[in-house]
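# Architecture at a glance
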Amino acid sequence: MFNTIGIIGLGVMGSNLALNMASKGEQVAVYNYTRDLTDQLVQKSEGQGIHPYYEIQDFVQSLKTPRKIFLMVTAGKPIDSVIRSLMPVLEAGDIIMDGGNSHYDDTERRYDELKSKGIDYLGIGISGGEVGALKGPSIMPGGDKEVYEKVAPILTKIAAQVDNTPCCVYIGPKGSGHFVKMVHNGIEYADMQLITEAYTFLKDRLHLSVHEIADIFDTWNQGELNSYLIQITADILRKKDELTGLPLIHVILDRVGQKGTGKWTSVQAINNGIPSSIITESLFSRYLSSLKEERLTAESILADPNMNQQPLDKEVWIEYVRQALYMGKVCAYTQGFTQYKMTSELYGWDLPLKDIALIFRGGCIIRAEFLNVISETYQSQPNLANLLIAPYFAKKAKAYQSGLRKVLCEGINSGVSFPCLSASLTYYDSYRTGTSNASLLQAQRDYFGAHTYERNDREGIFHTEW
């Protein structure tokens, strides 16, 4: 009996995907360059549907043709290395699927290289982390649609299910699946940073305890802020450190890591003239957090506002913070979906925005209640330029912008840094301004560089001898 699919790379994500596939009735061939991870997986699976191989040729020959091989190895050169090792034993029509966090440009290159050799290639974005991989992730496949159809029965079966609909849909050609996952991660960066800023206000300005803040996040998660990240924030704030008995959040060092996908999102936006300020600001916040020693030195040198903080009505301000967080989230998701739309038009991908919103509802890290609204918005207005002008979100912005402004003003006066909340309001105010200060910028460019300008009262290109 031949195996129906193979997985190479048995780290946390790869092994959990293998278990997920096996639990759905697939016969899964598994291979890892080091034997220990293979043996650990076999022991965990108790042999049900998991078939280990220790030589790459044996692994490939065990697969039903056309062979379907899922790569779950580190992005970059390791992917290329695995592909090179597979080429001598593959046949025309076999399918390689990269389920890692590869840059979409690399996926496009590999697609072209393998296509010329008769091998089909799919770049598949996967979100959901360890638990999602095991129980059902959000899956974003890109490549040739007819190739996707050959693996769709497996992918849709292992994906998260919401309202009996799999969180897996064909995204578009070549590297588009990995592109959608990349921007998903950028939205994730911004969403996480916005939540930390809301937490900071509740802690440092309202002087609420960690337990009180956990209760607030629990309450918020019952309403329109319902999302995975809000839910886990409440769980995190309730966790006690086993060594000290303190809330664990109080002993975690304030220095954040990042794996590059947020940076890729910002770089792609910058290269293509796409406003992505909130996502980029969240990235810079992580970079600043890494300067821990410098920040400790600066704290002893640089002055704070030195203002007498007046007591605030806690119930009133908790609601302001909720409004500010919702407003920030809407602006961040708007920037992400704007990046999808503008890039889709630039590359001719025809990304299915309404479906992307739907597959983000389950399994993935940024799953949130208002993704349903985003999907419905693109269903009714597929060519909508910006989510902020959709009736639902325009109404919310009208109601909640005051809360965001109040929180930011109080934060500024108190010397508390709110980079992503600030960027959200700046983006909102900039986007709603029909006549901006860019005319002065253009005049400056013409003054020192003769870059010319357009006029608002007649057609043509002009230059002034200043």
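The shown structure was predicted, so the numbers you read here are calculated from the model rather than taken from an experiment.

It is worth spelling out the packing of aromatic side chains at this point. This structure, assessed with the given rule, holds 25 aromatic pairs. On the basis of an interplanar angle of 65° and a centroid distance of 5.1 Å, the ring pair of Phe-217 and Trp-220 is categorised as edge-to-face. Of this pair, Phe-217 and Trp-220 both sit in helix H9 (residues 210–220), three residues apart, roughly one helical turn. Residue Trp-220 is classed as buried on the basis of its relative accessible area of 6%. The structure contains a cluster of three or more aromatic residues connected by ring pairs, namely Tyr-104, Phe-179, Phe-337, Tyr-340, Tyr-347, Trp-349, Phe-360 and Tyr-378. A cation over an aromatic ring shows up here: Arg-286 above the ring of Tyr-189, its NZ or CZ 3.7 Å from the ring centre. Taking NZ or CZ as reference, Lys-396 lies 5.9 Å from the ring centre of Tyr-326, over its face.

The geometry of a pair of packed helices is captured by two quantities: the angle between their axes and the separation between those axes. Between helix H1 (residues 12–23) and helix H2 (residues 35–45), whose axes approach to 11 Å, the crossing angle comes to 35°. Judged by the sense of rotation from one axis to the other, the crossing of H1 with H2 is right-handed. Contacts from Ser-15, Ala-18 and Leu-19 of H1 reach H2 at Leu-41, Lys-44 and Ser-45. Grouping the amino acids of the contact of H1 with H2 by side-chain chemistry returns three nonpolar, two polar and one charged.

The subject of this paragraph is the domain arrangement of the protein. Taken domain by domain, the protein comprises domain 1 (5–170), domain 2 (181–432) and domain 3 (438–465). Once you take the C-alpha centre of each, domain 1 and domain 3 turn out to be 54 Å apart.

Reading across from one edge, E3-E2-E1-E4-E5-E6-E7 is the order of the seven strands in this open sheet, with mixed pairing throughout. Every interior strand has two partners, whereas the edge strands, strand E3 (50–52) and strand E7 (138–142), have only one. Taking each pair of neighbouring strands and ignoring which way they run, the sheet shows an average axis angle of 25°. Judged from the five bridges that link them, strand E6 (residues 120–127) and E7 form a sheet pairing that is antiparallel. Looking at the pairing, Gly-123 lines up with Gly-142 of E7. Contacts from H2 reach strand E2 (28–31) and E3, with the element oriented near 150° to E3. Taken strand by strand, helix H7 (residues 145–158) contacts strand E1 (5–8), strand E4 (68–71), strand E5 (95–98), E6 and E7, and its axis lies near 25° from that of E6.

What follows is about the pairing of E2. Within a regular beta strand, the side chains point alternately toward one face of the sheet and then the other, so they alternate between its two faces. Judged by which residues are buried, E2 turns out to be covered on both faces: Val-28 and Val-30 on one side and Ala-29 and Tyr-31 on the other are all buried. Relative to E2, E1 is paired through four bridges, and the arrangement is parallel. Considered in E2, the bridge of Ile-5 is made with Val-28. Crossover E1 to E2 through H1 is right-handed. Pairing of E2 with E3 involves three bridges; the strand directions are parallel. Each bridged residue has a counterpart across the sheet, and for Val-28 the counterpart in E3 is Ile-50.

If you check UniProt for "active site" (unreviewed entry), the listed places come out as Lys-181 and Glu-188 in our numbering. Here Lys-181 lies in helix H8 (residues 176–205). With relative accessibility at 5%, the residue Lys-181 sits in the buried group. With residues up to four places along the chain from it excluded, the contact list for Lys-181 reads Asn-101, Gly-125, Ile-126, Ser-127 and Met-140. A distance of 2.9 Å separates the side chain of Lys-181 from the side chain of Asn-101, its partner in a polar contact. The topology assignment puts Glu-188 in helix H8. The residues contacting Glu-188, other than those within four sequence positions of it, are Ile-365 and Ile-366.

Reading guide: rules and limits
- Residues numbered from 1 in each chain as written.
- Predicted model: local features only at pLDDT ≥ 70, side-chain atom pairs only at ≥ 80, totals over all residues.
- Heavy atoms only, no water.
- Phe/Tyr/Trp six-rings, centres within 6.5 Å; stacked < 30°, edge-to-face > 60°.
- Helix = DSSP H or I, 4+ residues; strand = E, 2+ residues; numbered from the N terminus.
- Buried < 20%, exposed > 50% of the residue type's maximum accessible area, 1.4 Å probe, protein only.
- Lys NZ or Arg CZ within 6 Å of the ring centre and 35° of its normal.
- Axes fitted to C-alpha atoms, helices over the stretch in contact; angles between N-to-C directions.
- Left-handed = near helix turned anticlockwise from the far one by under 90°.
- Contact = heavy atoms within 4.5 Å.
- Nonpolar A, V, L, I, M, F, W, Y, C, P; charged D, E, K, R; others polar.
- Domains from an automatic or database assignment.
- Pairing = 2+ DSSP bridges.
- Right-handed = clockwise from strand over helix to strand, strands pointing away.
- UniProt positions renumbered as here; feature names shortened; annotations may be inferred.
- Polar contact = N/O pair within 3.5 Å; in protein donor to acceptor, adjacent residues only side chain to side chain.

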